[in-house]
Amino acid sequence: MGKQYQQLTSNDIEFINNQKLFYIASSSGGEINLSPKGYDSIRVLNPSTLLYMSYAGSGNRTYTDAINGGEFTLLFNAFEGNAKILRLFCHAEAIEPEDEVFEEYVTLFGEKASLVRNFFIFEIYAVESSCGDGVPYMTYQGDRPSLKSWMTKLDEQGKLEQYKEDHFTPPDLSRIG
């Protein structure tokens, strides 16, 4: 059965640090956004705070939900070893390139600053841990290189910043159809 508590334990932190994939779900009143996240893009700053590094992509819903006071759930689950699901219920703060701490966070991840769209500080208000026995075993084979290769190519061509600007606001899904 699941257990609920207020902040991460040392076992939770170790579990997070070993995961190659996690999910961010968010909503600020509209549709619910759910995105898988990979690469080396998450850091536990303390038992109540995580830092997530966001690359440019097709949308920017996490940012939209953060600046609108949305709710966030980060989900980590074991595909190898002992079964476990860890849900982190959070509020988020967006950190943009012009913010004072941006360069410090870039250094923390060892990434090229121009490739990073923004960072998010996730403040945890509740943690839920459950068995995860229904999650299948899967084997990690490596990160897909295509996103970073694509961003690097756009950056070298001087087009990445324009792409980030053009995709700053996510598409309005109510207009489909």
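Before any of the text, the structure's been laid out above.
Here the structure is a predicted model, which is why all the values come from computation and not from measurement.

K.L.:
Account for the pairing of strand E6 (residues 71–77), with residues named and values stated.
P.N.:
Pairing analysis gives 5 bridges linking strand E2 (residues 22–27) to E6, with the strands arranged antiparallel. In the sheet register, Ser26 faces E6, and the bridge partner there is Phe72. Looking at chain direction, E6 and strand E7 (residues 85–95) are connected through 6 bridges and run antiparallel. Among the inter-strand pairings, Thr73 is bridged to a residue of E7, identified as Phe89.

K.L.:
So, the pairing of strand E4 (residues 42–46): which residues are in play, and what are the values?
P.N.:
With 4 bridges connecting them, E4 and strand E5 (residues 49–55) associate as antiparallel partners. Directly across from Val44, in E5, lies its bridge partner Leu50. Linking E4 to E5, which pair antiparallel, is a turn of 2 residues.

K.L.:
How would you summarise the pattern of salt bridges if you had to cite specific residues and measurements?
P.N.:
Summed over all chains, the structure comprises 7 salt bridges. Ionic pairing is found between Lys164 and Glu161, a salt bridge with its closest N-O pair at 3.1 Å. Highlighted residues: Lys164 and Glu161, both in helix H5 (residues 160–166), separated by 3 residues, approximately one helical turn. Residue classification places Lys164 among the buried positions, given a relative accessible area of 10%.

K.L.:
Tell me about helix H4 (residues 146–156), and please be specific about residues and values.
P.N.:
For H4, the full list of buried residues reads Met151, Leu154 and Asp155. Burial along H4 is one-sided: seen end-on, the buried residues are contained in an arc of 100 degrees. Exposed side chains of H4 directed beyond 90 degrees from the buried face belong to Ser146, Lys153 and Glu156. Among the structural elements, E5 and H5 are those in contact with the buried residues of H4. At the C-terminal side of H4, Gly158 shows a positive phi close to 75 degrees.

Rules and cut-offs
Residues numbered from 1 in each chain as written. Predicted model: local features only at pLDDT ≥ 70, side-chain atom pairs only at ≥ 80, totals over all residues. Heavy atoms only, no water. Pairing = 2+ DSSP bridges. Helix = DSSP H or I, 4+ residues; strand = E, 2+ residues; numbered from the N terminus. Salt bridge = Lys/Arg side-chain N within 4 Å of Asp/Glu carboxyl O. Buried < 20%, exposed > 50% of the residue type's maximum accessible area, 1.4 Å probe, protein only. Arc of directions from axis to C-beta. Contact = heavy atoms within 4.5 Å.

Geometric descriptors of this kind do not, in isolation, establish any biological role.
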